[in-house]
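Spelled out, the chains give:
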Protein chains: 2
Amino acid sequence: MSIRTKTIAIGVDLGGTNLRAVAINADGQIIERITYPTQAQEGPNVVIKNIVASVRTLLAKIALEDIKIIGVGIGAPGPLNSETGVVIKAPNLPGWENIHLRDIVAKELQLPVRIENDANVAAFAEYWKGAGQNSKVMICLTLGTGVGGGIIIDGNIFRGSHFIGAELGHITIKYDGLRCSCGNKGCLEAYVSATGIVARTIMAIRSGATTILTDMVDNDLNTLTSELVYQAAVNNDSLAQSIMHETGTLLGIGITSLANIFNPDFVIIGGGVSKAGDMILTPARQEVQKRAMPGIAEHLKILPAMLGEDAGAIGAAGIILYNETAKISD
Amino acid sequence: MSIRTKTIAIGVDLGGTNLRAVAINADGQIIERITYPTQAQEGPNVVIKNIVASVRTLLAKIALEDIKIIGVGIGAPGPLNSETGVVIKAPNLPGWENIHLRDIVAKELQLPVRIENDANVAAFAEYWKGAGQNSKVMICLTLGTGVGGGIIIDGNIFRGSHFIGAELGHITIKYDGLRCSCGNKGCLEAYVSATGIVARTIMAIRSGATTILTDMVDNDLNTLTSELVYQAAVNNDSLAQSIMHETGTLLGIGITSLANIFNPDFVIIGGGVSKAGDMILTPARQEVQKRAMPGIAEHLKILPAMLGEDAGAIGAAGIILYNETAKISD
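The model shown is predicted, which means the values in this text are computed figures rather than measured ones.

Trainee: Got a minute to help me understand the overall build of chain A in this structure?
Mentor: In terms of helices and strands, chain A carries 11 helices and 13 strands. Taken against the 2.2 N^0.38 rule, which gives 20 Å for 330 residues, the C-alpha radius of gyration of chain A at 21 Å falls within 12% of a compact globule. Taken along its principal axes, the extent of the C-alpha atoms in chain A is 65 × 45 × 35 Å. Each of the 330 residues in chain A was classed as buried or not, and the buried ones make up 59%. Contacts spanning at least 24 positions in sequence make up 62% of the contacts within chain A whose residues lie at least 6 apart. Carbon together with sulfur atoms contributes 48% to the accessible area of chain A, which is approximately 13400 Å² in total. The centroid of the 26 positive side-chain charges in chain A is displaced by 4 Å from the centroid of its 31 negative side-chain charges.

Here it is in structure tokens:
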């Protein structure tokens, strides 16, 4: 066993419902993983206690003999300052305002801790061990309830001047378009998030489109999900197919803006909606080919994310390991 | 005279009509400037001869005693590779394809030469000696015939993976909107460039709006310019005022996308259209305030460029001096 494989880092993905914690060796392999309830409703103190407990539980599962734990990375939601280690605000975690997450956890565990935005660590994971390896400039879009973004430049997470940039779901694609959850009109998120897909489907149904979806939800459109739209499309429902195709086209419009700005090697598409795969990626690629500035599309690969739901935790461990392993010899 | 002020760099801004060359000392002051005809129609060889001649003419005007010329920076149009020193293509310069500009000029002048995209050097100039000093992240938009962009992160020009990024005029603000010169629909440039302002004004006049502009151009709308629209607005013409206000609003929509991505300290607005000043900057600021993600607008200043038409040449010299002066003591 080399010194290298004896070194591990812990990554924690702080979700609204569950904590996901992984132990990763210096080669980036997951050697152990657990999930643990977040208990977000109980407030920051309980959530932090659960973070600490999840790490201790994880470590208890590992034979610690000859192993060196070099630190804990935490991917947390909301705007946060990774330099001071403070979560400024976490929309889905009640009571989280100006929480000194890094220092509290570091003191409890007596280990070095780093915190980072959850979309950023997911993007970093794809750069480090996923679909975006060896890129100079990589963009990651996570299509879930909302649309998260991450930007990796020369192996570094780009955060902006006050750590609140990379809000890639909130680029405008149609300034007088659909209302977004952020209050703005026409954001990419308002169209291609799970929420946006459902909203566009309901609009089409209300405009008189016929679809098996109305049966699938027993005429209760409140229970419609983007997953059901995807399933209906797989089952050759023409409305659902056109909605999914349009989702890809609209995604391509957003990617075009990002590609003209960043001239990236890769745009990686993750999140629940990305399970639709080529059903959205093919029209997205076609739209970028059609719209982007000369040379941009030929240097760009638009690929599905590789690391799935572990991405956040892997990236959180990765921000610890990536910098440290350079110093470690075999 | 300190060693520092004896060191100079030459900056050349390669325009379609004229070359602008400046000599700048280590404090960033212009000690001499000239313009010289580009003769673009004569092809690359003549243009390059003129670049060399402009630098020699400039140097002849300077008392060279005790002066050390550390290099020549050239801001050139079109996609170019600043690492290899090759201009890939320059749309406004006939015959420019894969021209090894850096090495040819370096050999002729026997001086170190660097080349950089013209929008990038203008942005760098504003960072180095203009409106964007001391920023961590700075965006520059140049509103001229088209809309150019530059991105400065931690004092470095961001170019993208293949040096063709930062095409900030070609972010989409309305995907089914006005046709852009790039072939895409709804680019920021199609709305807020001089060309876009004229196009929107003509559309409004053709829709029946009355304005003193029709008299100002003797009913020949082909001779309408954005400068005339600005003048009509100053003279209280209500159509012109509404077009200029709308220009600011649309600019604000584009800035919002960039601000949500980059979380910049400054967005600097330059180019001919920016002479309208607060007539466009005030509605732009209001729109960003209304649309941007929480925290983004409060950390952002939207300011007019400071360096005017010298920006390109100053920035071209700046990319030589900025890195070198760190090594020079007083």
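Text resumes after the structure shown.
Trainee: Looking at this model, I keep getting lost on the pairing of strand β2 (residues 18–25) of chain A. Mind explaining?
Mentor: For a regular strand, side-chain orientation follows a simple rule: the groups alternate between the two sheet faces. All names here are of chain A. With respect to burial, β2 is a largely interior element, 6 of its 8 residues being buried. Connecting strand β1 (residues 7–14) to the antiparallel partner β2 that follows it, the hairpin turn spans 3 residues. Pairing between β2 and strand β3 (residues 30–37): 7 bridges, direction antiparallel. Counted as the bridge partner of Val-22 is Arg-33 from β3. Where β2 folds back onto β3 in an antiparallel hairpin, the turn is made up of 4 residues, including Gly-28, whose phi is positive at roughly 85°.

Trainee: Explanation requested: the relation of the copies chain B and chain A in the structure shown.
Mentor: Comparison of the two chain copies shows a relationship of rotation about an axis with a shift along it. The operation relating chain B to chain A is a screw motion whose rotation component is 180°, with 0.0 Å of axial translation and a residual RMSD of 0.0 Å. Classification of the inter-copy transformation places it as that of a two-fold axis. Of every C-alpha in chain B, the one belonging to Lys174(B) sits nearest the axis of rotation, 2.0 Å from it. With an isologous cut-off of 70% or more, the 100% of interface residues of chain B that recur at the interface of chain A puts this contact in the isologous class.

Trainee: What's the story with the packing of aromatic side chains in this structure? I'm lost.
Mentor: All names here are of chain A. A complete count under the given rule lists 13 aromatic pairs over all chains for this structure. With 6.2 Å between their ring centres and 75° between their planes, Tyr-127 and Tyr-322 make a pair best called edge-to-face. Of this pair, Tyr-127 sits in helix α4 (residues 118–129) while Tyr-322 sits in helix α11 (residues 311–324); the two residues are 195 residues apart in sequence, bridging distant segments of the chain. Taken together, the aromatic side chains of Phe-124, Tyr-127, Trp-128 and Tyr-322 make up a single cluster linked through ring pairs. Directly above the ring of Trp-128 sits Lys-129, whose terminal nitrogen or CZ lies 5.1 Å from the centroid.

Trainee: What is the right way to look at the domain arrangement of chain A in this model?
Mentor: By a frequent convention, interface size equals the accessible area lost on bringing the separate parts together. Residue and element names in this part refer to chain A. Each domain of chain A was delimited in the assignment, giving domain 1 (3–125 + 309–327) and domain 2 (134–305). With centres defined by C-alpha atoms, the gap from domain 1 to domain 2 works out at 28 Å. Counting from both sides, the interface comprises 13 residues of domain 1 and, opposite them, 12 residues of domain 2. For the pair domain 1 and domain 2, the summed buried surface comes to about 990 Å²; carbon and sulfur atoms form 60% of the total. Its largest share of buried area at the contact with domain 2, domain 1 owes to Asn-120, Ala-123 and Phe-124, together 41% of the area lost on that side. Connecting domain 1 to domain 2 are 1 salt bridge. Across the pair Arg-159 and Glu-116 runs a salt bridge, and its minimum N-O distance is 2.6 Å.

Trainee: What should I look at first to understand the sheet that holds β3(A) in this one?
Mentor: The strands making up a sheet are joined through hydrogen bonds of the backbone, oriented either antiparallel or parallel. All names here are of chain A. Taken in spatial order, the 5 strands line up as β3-β2-β1-β4-β8 in an open sheet, and their pairing is mixed. Single-partner strands in this sheet number two, and they are β3 and β8 (113–117). Neighbour to neighbour, the strand axes of the sheet diverge by 20° on average, direction disregarded. Sheet contacts for helix α2 (residues 44–60): β1, β2, β3 and β4 (68–76); angle to β3, the most-contacted strand, approximately 145°.

Thresholds applied
- Residues numbered from 1 in each chain as written.
- Chains lettered and ligands numbered in written order.
- Predicted model: local features only at pLDDT ≥ 70, side-chain atom pairs only at ≥ 80, totals over all residues.
- Heavy atoms only, no water.
- Helix = DSSP H or I, 4+ residues; strand = E, 2+ residues; numbered from the N terminus.
- Rg over C-alpha atoms; globule rule 2.2 N^0.38 Å.
- Buried < 20%, exposed > 50% of the residue type's maximum accessible area, 1.4 Å probe, protein only.
- Contact = heavy atoms within 4.5 Å.
- Areas by Shrake-Rupley, 256 points an atom, 1.4 Å probe, with all protein chains shown as cover.
- Lys, Arg positive; Asp, Glu negative; His and termini not counted.
- Charge placed at Lys NZ, Arg CZ, Asp CG, Glu CD.
- Pairing = 2+ DSSP bridges.
- Least-squares fit on C-alpha atoms with pLDDT ≥ 70 in both.
- Phe/Tyr/Trp six-rings, centres within 6.5 Å; stacked < 30°, edge-to-face > 60°.
- Lys NZ or Arg CZ within 6 Å of the ring centre and 35° of its normal.
- Domains from an automatic or database assignment.
- Buried area = accessible area lost by both parts, 1.4 Å probe.
- Salt bridge = Lys/Arg side-chain N within 4 Å of Asp/Glu carboxyl O.
- Axes fitted to C-alpha atoms, helices over the stretch in contact; angles between N-to-C directions.

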